[in-house]
Amino acid sequence: MIYFDHAATGPISPKALEAFNLANGHFANPESLHKAGYEAKNYLERTREATLALLGLSSSHRLIFASGATEANNLAIRGILQGYPSRGHKILTSKLEHPSVLNVMEYLDRNKLAKVVYLSPDEDGSISPEEVARHMDDEVLLVSIMAVNNETGALSDIEGIARAVKKYPKAIFHTDATQALGKIPLKLDEVDLISYSSHKFGGPKGTGGLFVRKGILLSNILYGGDQEEGTRPGTESYPLAVSSYIALEEEVRSIRENHERADRIRRLLLDWVDGSKETTSNSTLKGSPYILNFSLKHKKASVIVEALSNKSVYVSSVSACSSKHSPYSHVLKEMGKSQGDYENSIRLSFGQSSTLDEAREFIRIIEGIFKEVKDRGQ
């Protein structure tokens, strides 16, 4: 099996799984008023503090555990709007965002709950600090720009954007760091809100969180108990939190080594894409080394992806969160790619287990498929 779909999800790391199983011994509800509950709460809070410390955010941020980045993104956007009802309701974002951001923005705009301004991407699909600065004014409440695009790997200058936003004291900056956390070296202490999902870096599915700058008012969007400082109700899971931390620690500790290995894989495959008569690249070397997107010039992506799957080679044609509702990549369309390109794109994404040998075998297999499959329209 060759699994090049890590941007969708990846396997839980053995150490994270071991931590989860051990932590299940502390199964009590952290809010229960007995010894077992107090112990679970203590372990949960120690894990929260360790996660903040790992990313250098102990003095600047708090961490709200959530079910993943989708919930964290919703909490960041809607929680800020509700937390600051008397401020301007202008939001800056882009149409290249993940559906868990983009669909919230469309809902807010459609129902006149916010004035959403969509920024234009650079040629590579990133959003520049200059583009953000051009649209900043005193009415902007929130800027939400993802750190790494989940389809193309385009890497936006998060530190530069943070500086542009900070020139307006009432504006708040949120980034969806789902494809960046543990993979891309980023200075996050100047970012106000940071979303992540554990299963993207070797942690368990069903958990993630939102780092929130201390002092920011974030209203709850769910109603229930007083967990997570009253911001995110629902019984907390110490096993999920600690296994997520262990996975993130592994990634952060090996970030340079993993980055270099992924870059070698991407360069090999990008050379093949650029040299093939069948493909054209939608990613550049300036982006994340973990994602490579290309379009097919003559074949249907759905046919090639199915043929690869039949040979136990697993890749994506569009984002997993969009694939059942859209037959094409909205990201590539917004980047100005042709209809043929955005309807026939393939995404390769890599993880800790990916190897150069797998990349070479992928090339051998897909070239064989190209010879077998007829051109689209024939």
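My aim in this report is to walk through the structure given alongside it, one point at a time. Just so you know, these numbers come straight off a predicted model, no measurement behind them. (Residues numbered from 1 in each chain as written. Predicted model: local features only at pLDDT ≥ 70, side-chain atom pairs only at ≥ 80, totals over all residues. Heavy atoms only, no water.)

**Points about the nonpolar core**
Next up, step 1: In terms of nonpolar packing, the biggest core is built from 41 residues, with Val132, Met136, Val143, Val165, Phe173 and Phe211 touching the most fellow members.
Next up, step 2: Breaking this core down by element, the ones donating at least two residues are helix 2 (35–54), strand 2 (61–66), strand 4 (115–119), strand 5 (140–144), helix 6 (158–166), strand 7 (193–197) and helix 7 (238–253).
Next up, step 3: By residue number, the principal contributor to this core is helix 6, which donates five residues.
Next up, step 4: Those residues in contact with valine 143, other than ones at most four positions away along the chain, are Leu92, Val132, Met136, Ile161, Val165, Ile172, Phe173 and His174. (Core = buried A, V, L, I, M, F, W, Y, C linked by side-chain atoms within 4.5 Å. Buried < 20%, exposed > 50% of the residue type's maximum accessible area, 1.4 Å probe, protein only. Helix = DSSP H or I, 4+ residues; strand = E, 2+ residues; numbered from the N terminus. Contact = heavy atoms within 4.5 Å.)

**What about empty space enclosed by the protein?**
Next up, step 1: Summed over all chains, the structure comprises three cavities of 30 Å³ or more.
Next up, step 2: In this structure, the largest cavity encloses a volume near 60 Å³.
Next up, step 3: For the largest cavity, the lining is made up of 13 residues, of which Gly125, Ile127, Met146, Asn149 and Ser156 are closest to its centre.
Next up, step 4: Looking at side-chain class alone, the lining of the largest cavity contains seven nonpolar, five polar and one charged residues.
Next up, step 5: Estimated volume of the second largest cavity: approximately 30 Å³.
Next up, step 6: Along its surface, the second largest cavity is lined by Asp124, Thr152, Gly153, Ala154, Leu155, Asn282, Ser283, Thr284, Lys286 and Gly287.
Next up, step 7: Counted by class, the lining of the second largest cavity contains two nonpolar, six polar and two charged residues. (1 Å grid on protein atoms, 1.4 Å probe; cavity = no way out; pocket = protein on both sides within 12 Å on 5 of 7 lines; lining within 4 Å. Points joined across faces, edges and corners; volume = space filled by probe spheres on them. Nonpolar A, V, L, I, M, F, W, Y, C, P; charged D, E, K, R; others polar.)

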